[in-house]
Amino acid sequence: NVSVTLRCILFQAGEDDVFDIRLNGVALPVTTRDPDWKDAQIFSPKPQPTSGGKGDYKVNPKQRLLRLDCAAPLGVWRRGRNQVEIRISARGQSSLKPVVQLEKLEAHLRYQ
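Heads up: these notes are all about the structure in this document. Being a predicted model, the structure only gives us computed values, none of them experimental.

### Section: unusual backbone geometry
Right, so step 1: Of note in the backbone geometry, Q12 takes a positive phi value of approximately 70 degrees without being a glycine.
Right, so step 2: Looking at where Q12 falls in the secondary structure, it is placed in the loop between β1 (2-11) and β2 (18-23).

Right under this line is the structure:
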């Protein structure tokens, strides 16, 4: 059994903002929504440091990232180039900034 999850990490998104996420034109359902996500490798709003170093990063407790995981069925993926679209379909009451940044996009492949 194989499953793929598409993970989007967003900066400056309101926890109640609504997103439309598509892979190769197919809408993906959000399966996990975590408005308290922390990531020691993301430094926003500060610039990313130069690559290299010890990799000993500490999590900023004030960091506000939104993690959205989406089920991405195998039949939607293509060999070669794949296109991911992330759109804000509605801004919520908690929206802090007019611009939302995509910080990280990951595909998690799981074999069971």
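Picking up where we left off.
### Notes on a nonpolar patch on the surface
Right, so step 1: Taken together, the side chains of V2, L74, L109 and Y111 define a hydrophobic patch exposed on the protein surface, amounting to about 410 Å² of accessible area.
Right, so step 2: Relative to the helices and strands, L109 is located in strand β7 (residues 101-111).

### Side note on the layout of surface pockets
Right, so step 1: In this structure, the largest pocket spans a volume of roughly 150 Å³.
Right, so step 2: In terms of lining, the largest pocket is formed by D39, A40, I42, F43, S44, P45, K46, K58, V59, N60 and Q63.
Right, so step 3: Its residues assigned to classes, the lining of the largest pocket comprises five nonpolar, three polar and three charged.

### Describing the nonpolar core
Right, so step 1: Within the largest apolar cluster, 15 residues are counted, with the highest numbers of intra-cluster contacts made by L10, F19, I21, L28 and L68.
Right, so step 2: Of all the secondary structure elements, the ones that give two or more residues to this core are β1, β2 and β5 (65-71).
Right, so step 3: The dominant element in this core, judged by the number of residues it contributes, is β1, at four residues.
Right, so step 4: Excluding residues within four positions of it along the chain, L10 makes contact with F19, R64, L65, L66, L68, V100, Q101 and L102.

### Brief notes about the sheet that holds strand β3 (residues 26-27)
Right, so step 1: With respect to topology, three strands assemble into an open sheet ordered β3-β2-β6, the strand pairing being antiparallel. Looking along the sheet, the strands with just one partner apiece sit at the ends: β3 and β6 (84-90).
Right, so step 2: As defined by bridge partners, β2 adjoins β6 across six bridges and the pair is classed as antiparallel. Paired with F19 across the two strands is I88, which belongs to β6.

### Observations regarding the pattern of salt bridges
Right, so step 1: Inspection of every chain in the model, using the stated rule, returns seven salt bridges.
Right, so step 2: Between D69 and R7 there is a salt bridge, and its shortest N-O distance comes to 2.8 Å. Taken together, the positions of D69 in strand β5 and R7 in strand β1 put the pair 62 residues apart, joining distant regions of the chain. Take D69 and R7: they sit in the same class, and that class is buried.
Right, so step 3: The network of salt bridges with shared partners includes R7, R67 and D69.

### So, the environment of R87
Right, so step 1: Its place among the elements puts R87 in strand β6.
Right, so step 2: With relative accessibility at 49%, the residue R87 sits in the partly exposed group.
Right, so step 3: For the pair R87 and K104, spaced 17 residues apart in sequence, the C-alpha separation works out to 15 Å.
Right, so step 4: Ignoring any residue separated from it by four or fewer positions in sequence, one finds R87 in contact with V18, F19 and D20.
Right, so step 5: Among the polar contacts made by the side chain of R87, one reaches the side chain of E85 at a distance of 3.1 Å.

What counts and what doesn't
Residues numbered from 1 in each chain as written. Predicted model: local features only at pLDDT ≥ 70, side-chain atom pairs only at ≥ 80, totals over all residues. Heavy atoms only, no water. Helix = DSSP H or I, 4+ residues; strand = E, 2+ residues; numbered from the N terminus. Patch = residues over 30% accessible without salt bridge, like charges linked within 9 Å, V, L, I, M, F, W, Y side chains within 5 Å. Areas by Shrake-Rupley, 256 points an atom, 1.4 Å probe, with all protein chains shown as cover. Salt bridge = Lys/Arg side-chain N within 4 Å of Asp/Glu carboxyl O. 1 Å grid on protein atoms, 1.4 Å probe; cavity = no way out; pocket = protein on both sides within 12 Å on 5 of 7 lines; lining within 4 Å. Points joined across faces, edges and corners; volume = space filled by probe spheres on them. Nonpolar A, V, L, I, M, F, W, Y, C, P; charged D, E, K, R; others polar. Core = buried A, V, L, I, M, F, W, Y, C linked by side-chain atoms within 4.5 Å. Buried < 20%, exposed > 50% of the residue type's maximum accessible area, 1.4 Å probe, protein only. Contact = heavy atoms within 4.5 Å. Pairing = 2+ DSSP bridges. Polar contact = N/O pair within 3.5 Å; in protein donor to acceptor, adjacent residues only side chain to side chain.

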